[in-house]
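# Architecture at a glance
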Amino acid sequence: MIYLDNAATTKPNKNAVDIAKIYLDEKYFNPSGMYRNGFETLKELNAMRSNILKTIADESKFDLIFTSCGTESDNTAIFSSAKRGTIITSIGEHSAVYNAFCELKLRGLNVIFAPLNEDGSVNPEKLYALIDNTVTFVSIMHVNNETGAINDINTIAKNVKKINNKLIFHSDGVQGFGKIPFKLCDEIDLYSVSAHKIGGLKGVGGLFKNKKCKLNAYLIGGGQEKGLRSGTENTFGIKVFEVATLQKYKNIKQDYIKINEFKKYLVDNLDKNYFDVISSENSSPYILTVSAKNLKGEVLMHFVDDCGLIIGTGSACSSNSKNRYSRVILACGIDEKSADGILRISFSSETTQKEIQKACEILNNCAKELTERMA
Ligand code: PLP
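Throughout what follows, the structure given in this document is the object of discussion.

So, how was this worked out
Per chain, the residues get numbers from 1 upward, laid out in the order the sequence is written. With the structure being a predicted model, the display of local features is reserved for residues of pLDDT at least 70 and the display and counting of side-chain atom pairs for 80 or more, all residues being used for whole-chain, interface and lining totals. Hydrogens and water molecules were not included; the side-chain quantities draw on all heavy atoms of the structure. Distances are taken per atom, and a residue is near a molecule or strand as soon as one of its heavy atoms is within 4 Å of it. Polar contacts, as counted here, are pairs of nitrogen or oxygen atoms within 3.5 Å of one another; within protein the pair requires one atom able to donate a hydrogen and one able to accept it, and residues that are adjacent in sequence qualify only if both atoms are side-chain atoms. Helix and strand definitions here come from DSSP, where helices need a minimum of 4 consecutive H or I residues and strands a minimum of 2 consecutive E residues; each element is numbered from the N-terminal end. Residue polarity is assigned by list, with Asp, Glu, Lys and Arg as charged and Ala, Val, Leu, Ile, Met, Phe, Trp, Tyr, Cys and Pro as nonpolar; anything else, Gly included, falls into the polar class. Any two strands with at least two DSSP bridges between them are considered paired. The contact rule is simple, with two residues in contact once any of their heavy atoms fall within 4.5 Å. In this analysis, axes come from line fits to C-alpha atoms, helices being fitted only over the stretch in contact, and the angle between any two N-to-C directions falls in the range 0 to 180 degrees. What makes a nonpolar core is a set of buried Ala, Val, Leu, Ile, Met, Phe, Trp, Tyr and Cys residues whose side-chain atoms join them at distances within 4.5 Å. A 1.4 Å probe rolled over the protein chains alone gives each residue an accessible area, and that area as a share of the maximum for its type sets the label: buried under 20%, exposed over 50%, partly exposed in between. To estimate the expected span of a helix, subtract one from its residue number and multiply by 1.5 Å. By arc we mean the arc of the directions from the helix axis to the C-beta atoms, nothing more.

## Quick word on the site of the ligand
The full set close to the ligand counts 13 residues, and Thr71, Asp172, Gln175, Ser194 and Lys197 are the nearest of them. At 2.6 Å, a side-chain N or O of Thr71 approaches an oxygen atom of the ligand. Lys197 places a side-chain nitrogen or oxygen 2.6 Å from an oxygen atom of the ligand. Among the elements that take part in the shell around the ligand, helix 4 (residues 70-81) stands out by supplying three residues, more than any other. Among the residues making up the shell around the ligand, the classes are represented as three nonpolar, seven polar and three charged.

## Considerations on the sheet that holds strand 9 (residues 275-277)
The four strands are arranged 9-10-13-12 in an open sheet whose pairing can be described as antiparallel. Among the strands making up the open sheet, the edge pair consists of strand 9 and strand 12 (312-313). In the sheet, strand 10 (residues 287-292) pairs with strand 13 (residues 342-346) via five bridges, with the strands oriented antiparallel. Bridge pairing in strand 13 places Val290 opposite Leu343. Sheet strands in contact with helix 9 (residues 252-269) are strand 9, strand 10 and strand 13, and its direction is about 15° off that of strand 10. Of the strands in this sheet, strand 9, strand 10, strand 12 and strand 13 are in contact with helix 10 (residues 297-306), which crosses strand 13 at around 45°.

## Let's talk about the nonpolar core
By size, the foremost hydrophobic cluster in this structure holds 57 residues, and its most contacted members are Phe169, Phe177, Tyr191 and Phe208. Core analysis: the next-biggest nonpolar cluster, separate from the first, contains 30 residues, Phe262, Leu270, Tyr286 and Leu288 among them.

## Overview of helix 9
Compared with an ideal rise of 1.5 Å per residue, which puts 18 residues at 26 Å, helix 9 spans 26 Å between its outermost C-alpha atoms and is within 8% of the ideal. Here helix 9 has its buried residues at Ile252, Asp255, Ile259, Phe262, Lys263 and Leu266. Taken around the axis of helix 9, the buried residues stretch over an arc of 95°, which confines them to a single face. For helix 9, the exposed residues lying more than 90 degrees away from the buried face are Lys253 and Ile257. Buried residues along helix 9 sit in contact with helix 8 (235-250), strand 10, strand 13 and helix 13 (353-374).

## Side note on the pairing of strand 8 (residues 205-210)
The element strand 8 is extensively covered by neighbouring structure, given that six of its six residues are classed as buried. Of the two faces of strand 8, both are covered, the one formed by Gly205, Leu207 and Lys209 as well as the one formed by Gly206, Phe208 and Asn210. When strand 2 (residues 62-67) meets strand 8, the two strands line up antiparallel, connected through six bridges. By the bridge assignment, Leu64 is partnered in strand 8 with Phe208. Bridge count between strand 7 (residues 190-194) and strand 8: five bridges; the pairing is antiparallel. Across the sheet, residue Val193 finds its bridge partner in strand 8, namely Gly206.

## A short note on unusual backbone geometry
Keep in mind that most residues, glycine aside, have a negative phi and that most peptide bonds are trans. Positive phi, normally seen in glycine, also occurs at Glu225, with a value near 55°. Mapping Glu225 onto the fold places it in the loop between strand 8 and helix 8. The phi torsion at Lys226 lies on the positive side, around 55°, for a residue other than glycine. One can find Lys226 in the loop between strand 8 and helix 8. With relative accessibility at 68%, the residue Lys226 sits in the exposed group.

Put into structure tokens, the structure is as follows:
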């Protein structure tokens, strides 16, 4: 089996799981426990926090709040700080952000969705034109999960704050963290991440928080995570997250180059009679989105699955015609016919050259066979 749906989730890092097992077998104590073992566990949890923080942030300026997933990090950022006035995000956001903004619209806030460029990145000039002093919150994702387009969020945050320095700037970093070499600048207030996209476990996430940014708690209870996210911390899952993160950052630049070669190989070798490339050249190396010509992506996805290749589709996979095409893909200006054929091929640092060559062969053969059958 060749697994190329790593933007959906990655295989847990075995070394990280082995190292973390001690938090299941021996150090299972509650980090809020007032006895010595509890206190020791809290100290270790804070060391994990510090190690993850330092990969992309200046520890004197940022905190890290552990959450249960990327969705919770996004929702915490949005519902804790977007409470009044005008709030802006892009039409290309993951539903963890987009649907949260739709909910706030129902609750009466003035919500604006900024438009995209053809590749799925946010159009910065059009975004800046929307900012005025009524805007309280802006959320722009780092890497688009459907096209791989990278937004230069440091520049965007700086420019947005030049226009209105009171607003809170959040970025969904779920597809950027551990993959795109980058450091958080001072103008970014909140940055969401998720462990299972980089070899950690499902059910663990994080929210980087600028110390200057005041946040209200979203989950209220026992006051864990400095009162900002109540609930006993998942020490085992967080240890896996820490080890997986450190491993990713150790090789982040080499992996970026290696994976970019894989993406380029597919761009060059996928048969242009059957595929159009949607992702731009300067998009994240980890995501390649293509459209199968005159075919339904979902049908081709099942066909290649039968041949041992797992990839993702871009469509919402819904029989409801309103949701049949991805809102993000349509917002890139792609027509409905091409939107129907969208496939997302996504890599991890574990992906090998041999797998890429084989995947390319399977995709070309299956697309040819399906097209011939339909003729
Ligand atoms: N944001 C983006 C850009 C994503 O790609 C995803 C997951 O695919 C999420 C948020 C949600 O993350 P999680 O699955 O950890 O809730």
